[in-house]
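Residue-level structural notes
These are the residues of each chain, in order.
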Amino acid sequence: MISFRKKIFDIVKKIPEGTVLTYKQVAEMAGRPKAFRAVGNALNKNHNPEIPCHRVIRSDGKTGGYNRGSEEKIKILKKEGWGSGATI
DNA sequence: CGTATGACGTGCA
DNA sequence: GTGCACGCCATAC
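Heads up: these notes are all about the structure in this document. Everything numeric in this text was worked out from a predicted model, so none of it was measured.

Below, the discussion takes up the overall build of chain A. Summing up its helical and strand segments, chain A has 4 helices and 2 strands in all. In chain A, the succession of α and β elements from N to C terminus is α-β-α-α-β-α. In terms of overall size, chain A behaves like a compact globule, its C-alpha atoms giving a radius of gyration of 12 Å where 88 residues would be expected to give roughly 12 Å. Projected onto its principal axes, the C-alpha coordinates of chain A cover approximately 35 × 25 × 20 Å.

With that settled, the discussion passes to the protein's contact with DNA strand B. Lining the immediate environment of DNA strand B, one finds 16 residues, of which Arg-37, Asn-41, Leu-43, Asn-44 and Ser-59 sit closest. Counting only atoms of DNA strand B within 4 Å of the protein, the fraction found in sugar and phosphate groups is 45%. Note that a base nitrogen of DNA strand B is positioned 2.6 Å from one of the backbone N or O atoms of Asn-44. The side chain of Asn-67 places a nitrogen or oxygen atom 3.1 Å from a base nitrogen of DNA strand B. Contributions of two or more residues to the surface near DNA strand B are made by helix H2 (23-30) and helix H3 (36-45). Looking at the surface near DNA strand B, the element that brings in the most residues is H3, giving 7 residues. Across the surface near DNA strand B, the residue classes tally to 5 nonpolar, 6 polar and 5 charged.

So, how was this worked out
Residues numbered from 1 in each chain as written. Chains lettered and ligands numbered in written order. Predicted model: local features only at pLDDT ≥ 70, side-chain atom pairs only at ≥ 80, totals over all residues. Heavy atoms only, no water. Helix = DSSP H or I, 4+ residues; strand = E, 2+ residues; numbered from the N terminus. Rg over C-alpha atoms; globule rule 2.2 N^0.38 Å. Near = heavy atom within 4 Å. Polar contact = N/O pair within 3.5 Å; in protein donor to acceptor, adjacent residues only side chain to side chain. Nonpolar A, V, L, I, M, F, W, Y, C, P; charged D, E, K, R; others polar.

What follows is the structure, encoded as structure tokens:
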């Protein structure tokens, strides 16, 4: 991992279906628990369909944003099981 | 190189 | 319980 950004992509790509992590969790996995802001930045600039950024949500339980639209993000998460009682 | 921005998080009123 | 303001890091220009 050269750039912090690449690390974020790798972590998000490894997120299994039905599992949703918060920006804070991803930042912690990346080694910078205080860089949760940079995490969202990386995902925001990310336009790769290989990155399931929809599995990354806020610590408040809100979805935050999504390249394709927040509504799609919520729709996918609900489809994967998020909001079915497991929530975050 | 320096400044500005951003899909956030936490603390306090 | 809700709302406002501040602080943090990385990337882009």
